[in-house]
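Residues per chain are reported as follows:
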Amino acid sequence: MDKIIIKGGQPLKGEVKISGAKNAALPILFSSLLTDGLNEYTNVPVLQDIESTKTLLTSLGAKIQSEKNRVQIDAKGLNNYEASYDLVRKMRASILVLGPLVARLKKAKVSLPGGCAIGARPINLHLKGLAKLGARIELKDGFVEASTRGLKGAIIDFDLKTVTGTENLMMAASLAKGITILNNAAQEPEIIALADVLNKMGAQITGAGTHKIRIEGVPCLNPTLVKIIPDRIEAGTFIAAAALTRGNILIKNCEPDHLTAVIEKLKQTGTKIIVKDKTILVQGSEHIGSVDLKTMPYPGFPTDMQAQFMTLMTIANGVSMITETIFENRFIHVSELRRLGADITISGNNAMVKGVKNLSGAPVMATDLRASASLVLAGLVAGGITEVRRIYHLDRGYDRLEAKFARLGADIKRVRE
Ligand code: EPZ
C-alpha cells in the first residue's frame, strides 16, 4: 500500500490544470450500455474508479480500448446482465448499470452495493423509480434482480434528491415507451452533463439541472463522441489548499459556474478569489475567518467539499459550525484531524471547529475519498511531517493529486509502504 509524506509549511504557488470529473465520467461511461455502437470519451480522468468501471463494463461484454485520458467503449457485444458482488463492492456507483441494463436487455442482476464509510447509502429510490417504469424488482441473495417486458414512461417523485438515482432513471427512461417526468430531480452539473450526452445519442431530455426533468423515450440511441466536463470537487479542493497555505494559485481548465457556492463560502473566510473565463485565481490571506457551513444538494455547498472546508476551519480565527445534511456519517476525518491538533467537537450532524494557531504533523489514516483529501490538505499546513496512509481511497477520485501539489511547491511525496 502507498502512503503520502508531507512536510508542511510551503505556500502553494503556480498553476494547476483540473482533470475530468469523476462523477460525470462514471454515469457517462455506463451510458455506453444504452447503444450498440462505438462511443469515444475524452478528458477522462485517470482514476481507480474509472478502472473499476472499465472492468465492470468488460465483464458485461463491452469492448474497451483506452490510453491515458481517452476511452472507447463498444457495447454491441453486451451478453451478460449480471454485475458481480466483487465488482460492485469496489465501487458503489456500479449501481449505475442497473437502469441501462434493464432498458437495453430488459433484465439486470446487480449486487446490492452495501453501505460505505460515510453512510448506509440505500438505493430504494432507484428501485422505486424503476418499478414505476414497469420493471419487476426482486431482492434475492444480496442481489437486485430487475426484469421487464418493456419499460413505459411514468411520473416519478423522488422523496429526496439523489444524484445517481436521477442518473439511473434518466438513462432507463431514455429508452422507455412514452413520457417520463422526474420530480425533485437532483440538479448537479453532472446530471446536465449526462443529459447532454444522452441527447447527443438521440434521447429527448429537457429540464436537466432543474428539479423537474422530462424524458420522451426513443426506440434506440446512437453512439457518440464526448468530452468529460472538469471536476468541480477537485477544483474546490485546490481552492481550499491555496487558502490554507496562504498561497497564490491559478486554477485552469475548470468550470467556475459549477463552484459558485464554494467560491462564495471561501470568500467569506477572507480568501481572495478572482474568476476569469475558465480559470480561478486564489490568493490566501494571513487572517482566515471562521465561517459556518451547511452542506446542501446542488446548487448549495457540496457535501464532497465538507471535509476540505473543515480542514481550513481548523486553523481559522474563531469558531465554525459545520452541519452535514446529506450523509449520516461523514465526519470520519474528524478523529484523524484531531491527531494533528485540531479542536473539533461533534454533536449529531454538527461539528464545532475551534481554530487553533497551528496543526502539527503526525501519521494519519485515510478512510474515504474526500476525508483523504482533507488529511493531505492538513499535512500541507501542519508543522513537521504528516504521513497519510491507505491512500488507495484518494486514488479512487483524484488524478495524481500529490504530483499536482508538488508542482505547486509543496514538499510532498508518495512512497510504497
Ligand atoms: C453521488 O452519490 C456522488 N457520487 C457522491 O460523491 C456525492 O457525495 C453524492 O452524490 C451527493 O452529492 C457519484 O456521483 C458517483 P445520493 P450518490 O444518492 O448518488 C440518500 C464522492 O466523494 N439516498 O445523491 O450515491 C443517500 O443515503 C462521492 O465523489 C436514499 O436514501 O448520493 C444520501 O443520504 C461520495 N435512497 C442522499 O440520499 C436512495 O435510493 C443523497 O445521496 C438514494 C439516495
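Scroll up to find the structure.
Residues numbered from 1 in each chain as written. Predicted model: local features only at pLDDT ≥ 70, side-chain atom pairs only at ≥ 80, totals over all residues. Heavy atoms only, no water.

Trainee: What should I look at first to understand the overall build of the chain in this one?
Mentor: Scanning the chain for helices and strands turns up 14 helices and 24 strands. Relative to a compact globule of 417 residues, whose C-alpha radius of gyration would be 22 Å, the chain shows 21 Å and is just as compact. Taking the principal axes of its C-alpha atoms as reference, the chain extends roughly 65 × 45 × 40 Å. Looking at the chain residue by residue over its 417 residues, the buried ones come to 57%. Summarising the internal contacts of the chain: among those between residues at least 6 apart in sequence, 72% fall at separations of at least 24. Accessible surface, the chain as shown: approximately 16400 Å² in total, 51% of it carbon and sulfur. The positive charge centre, built from 54 side chains, and the negative charge centre, built from 40, are 1 Å apart in the chain. (Helix = DSSP H or I, 4+ residues; strand = E, 2+ residues; numbered from the N terminus. Rg over C-alpha atoms; globule rule 2.2 N^0.38 Å. Buried < 20%, exposed > 50% of the residue type's maximum accessible area, 1.4 Å probe, protein only. Contact = heavy atoms within 4.5 Å. Areas by Shrake-Rupley, 256 points an atom, 1.4 Å probe, with all protein chains shown as cover. Lys, Arg positive; Asp, Glu negative; His and termini not counted. Charge placed at Lys NZ, Arg CZ, Asp CG, Glu CD.)

Trainee: Sorry, what's going on with the nonpolar core here?
Mentor: Of all hydrophobic cores here, the largest spans 73 residues; its most connected members are I28, V97, L98, L133, M170, L182 and L198. Not counting residues within four places of it along the chain, the set of residues in contact with L98 comprises A108, V110, L127, L130, V144, A146 and N168. Ranked by size, the runner-up nonpolar core spans 66 residues in total, among them L312, I344, V353 and L369. (Core = buried A, V, L, I, M, F, W, Y, C linked by side-chain atoms within 4.5 Å.)

Trainee: I keep staring at the sheet that holds strand 24 (residues 411–416) and nothing clicks. Help me out?
Mentor: Two strands in a sheet stick together by hydrogen bonds in their backbones, pointing the same way (parallel) or opposite ways (antiparallel). Spatial ordering of the open sheet is given by 22-23-1-24, a layout of 4 strands whose pairing is mixed. With partners counted over all chains shown, the strands left at the sheet margins are strand 22 (363–365) and strand 24, one partner each. Here the strands of the sheet are splayed against their neighbours by 20° on average, with no regard to which way each runs. Running at roughly 30° to strand 1 (residues 2–7), helix 12 (residues 369–381) makes contact with strand 1, strand 22, strand 23 (385–389) and strand 24 of the sheet. (Pairing = 2+ DSSP bridges. Axes fitted to C-alpha atoms, helices over the stretch in contact; angles between N-to-C directions.)

Trainee: How do you make sense of unusual backbone geometry when you look at a structure like this?
Mentor: What you tend to see is this: most non-glycine residues have negative phi, and most peptide bonds are trans. For the bond from Y298 to P299, the omega torsion is 10°, close enough to zero to count as cis. Tracing the backbone shows P299 in the loop between strand 18 (293–294) and helix 10 (306–313). Even without being a glycine, K106 presents a positive backbone phi close to 65°. Of note, K106 is situated in the loop between helix 4 (98–105) and strand 7 (107–111). One non-glycine residue with positive phi stands out, namely R400, at about 55°. Relative to the helices and strands, R400 is located in the loop between helix 13 (392–397) and helix 14 (401–407). On the accessibility criterion, R400 (39% relative accessible area) is partly exposed.

Such coordinate-based values are descriptive only and should not be taken to indicate function.
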